[in-house]
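Residues per chain are reported as follows:
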Amino acid sequence: MSNMKQPFVTLEQLKAITEQFPTPFHLYDEKGIRENARRLKEAFSWNPGFKEYFAVKATPNPAIMKLLHEEGCGMDCSSLTELMLSDKCGIRGSDIMFSSNDTPAEEFVLAAKLGATINLDDFTHIDFLKDTIGTIPETISCRFNPGGTFTAGASKEGFQVMDTPGDSKYGFTRPQLTDGFQKLMSMGAKHFGIHAFLASNTLSNDYYPTLAGVLFRTAVELHQEIGADIRFINLSGGVGIPYRPGDPANDIAVIGEGVRRQYEEILVPAGMGDVAIYTELGRFMLGPYGCLVTRVLHEKHIHKEYIGVDACAANLMRPAIYGAYHHITVSGKEDVICDHKYDVTGSLCENSDKFAIDRMLPKIDIGDLLVIHDTGAHGFSMGYNYNGRLRSAEVLLQTDGTPRLIRRAETPEDYFATLLF
Ligand SMILES: *Cc1c(COP(=O)(O)O)cnc(C)c1O
């Protein structure tokens, strides 16, 4: 299935927005975010307890979190400040899933105070939690790591999902789950959840159903072995998005149906037809509905052709650290032939600070606005201050077409705020 990757914003709109808010900034598409959240909900509407806990780390912004909460989502937090952020947004209690690892004591304290559902990453955290908050919550979840390799999906198109949980630092082993649930029960836990995150950015409609199969079978075993009352299965994140033109987009309706089939085959016959399905999607919820808008400052002609823009890897780290592909549109030149080969660079004193390498694009002129696609998740949030570069603003393109500043750009005062002279 081809994917033409048109930006969600036109040059005319960008001209108006950049008059109010100087580049660079991340721009988010409220309409796209809401419609996608509704599609997800619809895909799992067969499961009455279904809930998406948005992975806050993907896009930790109150405006985004509140609009997802309006769409029925809870928040998946993994740190103290993410918990505080959720609290400040008025999102608390069972609307928070706390999925962290290597967890400091103060984070368990706040999670418990907010009434969050705690998802333990390790067997030893059972005693640590008890010692920290003085009790074991009645409802608690454990993260499973089956080890080995995990594969899902058809290989012939090259979009088979493969990952190696055996090398990942997260979760309980299978025997530890049995021991852990028993121990938790002896300490007062009554209701359980099981969570696993086995592959990232998957482009296969088979990832969630295959993972669901693993978790559903594990749940049935735990129920039969030790009588654990399993209330929810958390499929976590990992559903991917098509960063490249031509990548196959996941079809969330097909994914939801695939999970339903596993549910009917495994849980229902075991008398577990009341288990709720949770997800903790980040990238799938926001990735395509954000872009980084940046202006061309310079062109440079040496051994290669360079386009220098006013954003840099401090605003979007994925290309520099993972070599990740982000599609680029020269705004207003959507229909112009891509007959120029450029490296598109930021200003960091790091040669990896390139948004694109050998990318075929239309002829670019100084002052052009570039749209760097799919930065809505793990974009702004991975930003940093290397080279003294400042984090950009975030702007929400609201459903009514007007832009709203949802985070101001950092100023030098912010940069200096933590320094002691
Ligand atoms: C990062 C993360 C997610 C979200 O992952 P995506 O790939 O963005 O869907 C969900 N759960 C946990 C525990 C995570 O660490």
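Not measured: the values here are computed from a predicted model. (Residues numbered from 1 in each chain as written. Predicted model: local features only at pLDDT ≥ 70, side-chain atom pairs only at ≥ 80, totals over all residues. Heavy atoms only, no water.)

### Side note on the site of the ligand
Alright, step 1. The ligand sits among 14 residues. The nearest are K57, G238, E280, R283 and H378.
Alright, step 2. One of the side-chain N or O atoms of E280 is found 2.7 Å from a nitrogen atom in the ligand.
Alright, step 3. Here an oxygen atom of the ligand sits 2.8 Å away from a polar atom, N or O, in the main chain of R283.
Alright, step 4. In isolation the ligand exposes 390 Å². Once the protein is present, 90% of that is buried.
Alright, step 5. The cavity where the ligand resides is the largest pocket. (Near = heavy atom within 4 Å. Polar contact = N/O pair within 3.5 Å; in protein donor to acceptor, adjacent residues only side chain to side chain. Areas by Shrake-Rupley, 256 points an atom, 1.4 Å probe, with all protein chains shown as cover. 1 Å grid on protein atoms, 1.4 Å probe; cavity = no way out; pocket = protein on both sides within 12 Å on 5 of 7 lines; lining within 4 Å. Sits in = over half its atoms within 2 Å of the grid points.)

### Some words on the pattern of salt bridges
Alright, step 1. For the coordinates displayed, the defined rule picks out 25 salt bridges.
Alright, step 2. Measuring nitrogen to oxygen at the nearest pair gives 2.7 Å for the salt bridge that ties E71 to R38. Placement of the pair is E71 in the loop between α3 (62-70) and β3 (74-77) and R38 in helix α2 (residues 30-43), with a sequence separation of 33 residues.
Alright, step 3. D365 is the partner of K333 in a salt bridge, and the nearest nitrogen-oxygen pair spans 2.9 Å. (Salt bridge = Lys/Arg side-chain N within 4 Å of Asp/Glu carboxyl O. Helix = DSSP H or I, 4+ residues; strand = E, 2+ residues; numbered from the N terminus.)

### Overview of unusual backbone geometry
Alright, step 1. Following T23, the chain continues to P24 via a peptide bond in cis, the omega torsion being -5°.
Alright, step 2. By secondary structure assignment, the location of P24 is in the loop between α1 (11-20) and β1 (25-29).
Alright, step 3. You will see that D358, though not glycine, has its phi angle at about 50°, which is positive.
Alright, step 4. Residue placement: D358 occurs in strand β16 (residues 354-361).
Alright, step 5. Since its relative accessible area comes to 38%, D358 is described here as partly exposed.
Alright, step 6. The phi torsion at H378 lies on the positive side, around 55°, for a residue other than glycine.
Alright, step 7. Turning to its location among the elements, H378 is positioned in the loop between β17 (369-372) and β18 (393-397). (Buried < 20%, exposed > 50% of the residue type's maximum accessible area, 1.4 Å probe, protein only.)

### Considering the sheet that holds strand β10 (residues 230-234)
Alright, step 1. The strand order around the closed barrel formed by eight strands is β2-β3-β4-β5-β6-β9-β10-β11, and the pairing between neighbours is parallel. Ignoring strand direction, the axes of neighbouring strands in this sheet form an average angle of 25°.
Alright, step 2. Where strand β2 (residues 51-55) and strand β11 (residues 276-279) come together, two bridges link them in parallel fashion. Each residue of the ladder has a partner; that of E52, found in β11, is T279.
Alright, step 3. Against the sheet, helix α7 (residues 174-186) makes contact with β5 (117-120), β6 (139-143), β9 (191-195) and β10, and its axis sits at roughly 155° relative to β9, the strand it touches most.
Alright, step 4. Along the sheet, helix α8 (residues 207-226) contacts β9, β10 and β11; its crossing angle with β10, the most-contacted strand, is approximately 155°. (Pairing = 2+ DSSP bridges. Axes fitted to C-alpha atoms, helices over the stretch in contact; angles between N-to-C directions. Contact = heavy atoms within 4.5 Å.)

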